[in-house]
Amino acid sequence: MPLADAESLRGRARSLRLYGAVLDASAATELHLRAGNDTWIGPTPQRCLDELLAMRRRLRQANRGLVAAALALERQADAADAG
């Protein structure tokens, strides 16, 4: 693989890491801390909290997926450089 392709893979990996960092730093991951009995939408406050925590787990899982994809791209770029 040409060097330009390896650099393209590294650029994509950097973009994935950046997006992952944005997700991780998002205020959405802390919404459950702001939820209370007087600030909820849905049938019960607990249901609201459960949904917020589930969304937080999905965001964190997406972040881990982005980081894993970035690592895979970086390995491919390293292999391209070595090959």
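Presented here is a report on the structure given in the accompanying data block.

A tally of regular secondary structure across the protein chain gives three helices and zero strands. Moving toward the C terminus, one meets the helices and strands of the protein chain in the order α-α-α. For 83 residues, the compact-globule estimate of 2.2 N^0.38 gives 12 Å, and the protein chain exceeds it by more than 25% at 19 Å. With respect to the principal axes defined by its C-alpha atoms, the protein chain has extents near 60 × 15 × 15 Å. Expressed as a percentage of its 83 residues, the buried residues of the protein chain come to 22%. Element-wise, carbon and sulfur atoms account for 58% of the exposed surface of the protein chain, whose accessible area totals about 5,700 Å². Across the protein chain, the 12 positively charged side chains and the 10 negatively charged ones have centroids separated by 4 Å.

What follows is about the nonpolar core. Of all hydrophobic cores here, the largest spans seven residues; its members are Ala6, Leu9, Ala13, Ala70, Leu73, Ala77 and Ala80. Counting residues per element, the ones that place at least two in this core are helix 1 (3-25) and helix 3 (45-82). The dominant element in this core, judged by the number of residues it contributes, is helix 3, at four residues. Not counting chain neighbours up to four residues away, the residues in contact with Ala77 comprise Ala6, Leu9 and Arg10.

Attention now goes to helix 3. If you check helix 3, its first and last C-alpha atoms are 56 Å apart, about what 38 residues at 1.5 Å a residue would give, namely 56 Å. Listing the buried residues of helix 3 in full gives Cys48, Leu52, Ala54, Leu59, Asn63, Leu66, Ala70, Leu73, Ala77 and Ala80.

Let us now look at the pattern of salt bridges. Going through the model one piece at a time under the given rule, you end up with six salt bridges. For Arg10, the salt bridge goes to Glu7, with nearest N and O atoms at 3.4 Å. A residue pair is termed a helical-turn pair when its members lie 3 or 4 positions apart in one helix, as Arg10 and Glu7 do in helix 1 at three residues. Under the relative-accessibility criterion, Glu7 is labelled partly exposed at 39%.

Take the side chain of Thr29 next. Position of Thr29 among the secondary structure elements: in the loop between helix 1 and helix 2 (31-34). Here the side chain of Thr29 touches Ser26 through a polar contact of 2.8 Å, landing on its backbone oxygen. Dropping the residues within four chain positions of it, Thr29 is found in contact with Leu23, Asp24, Arg56, Leu59 and Arg60.

About the cut-offs
- Within any chain, residue numbers begin from 1 and follow the written order of that chain's sequence.
- It should be noted that, the model being predicted, local features are given only for residues of pLDDT at least 70 and side-chain atom pairs only at 80 or more, the latter also being counted only at that level, while totals for whole chains, interfaces and linings use all residues.
- Derived side-chain values reflect all non-hydrogen atoms in the structure, with water molecules and hydrogen atoms excluded from consideration.
- The way it works is that DSSP assigns letters per residue, a run of H or I at least four long becomes a helix, a run of E at least two long becomes a strand, and they are numbered from the N terminus.
- Restricting the calculation to C-alpha atoms gives the radius of gyration, and the globule rule supplies 2.2 Å times the number of residues raised to the power 0.38.
- For the exposure calls, accessible area comes from a 1.4 Å probe over protein chains only, and a residue counts as buried if that area is under 20% of its type's maximum, exposed if over 50%, partly exposed in between.
- Each accessible area value is a Shrake-Rupley result obtained with a 1.4 Å probe; residue values ignore everything except the protein chains displayed when judging cover.
- Working convention for charge: Lys and Arg count positive, Asp and Glu count negative, and His plus the chain ends are omitted.
- All charge positions are set by atom: Lys at NZ, Arg at CZ, Asp at CG, Glu at CD.
- Grouping buried Ala, Val, Leu, Ile, Met, Phe, Trp, Tyr and Cys residues that are joined through side-chain atoms within 4.5 Å yields what is termed a nonpolar core.
- The contact criterion used throughout is that any non-hydrogen atoms of two residues lie within 4.5 Å.
- Multiplying 1.5 Å by the residue count of a helix minus one yields the expected span of that helix.
- Each salt bridge in this description consists of a side-chain nitrogen of Lys or Arg and a carboxyl oxygen of Asp or Glu lying within 4 Å of one another.
- Identification of polar contacts relies on pairs of N or O atoms within 3.5 Å, with a donor-acceptor requirement for protein atoms, meaning one able to donate a hydrogen and the other able to accept it, and with residues adjacent in sequence counted only if both atoms are side-chain atoms.

What is shown is where atoms sit, not what they do.
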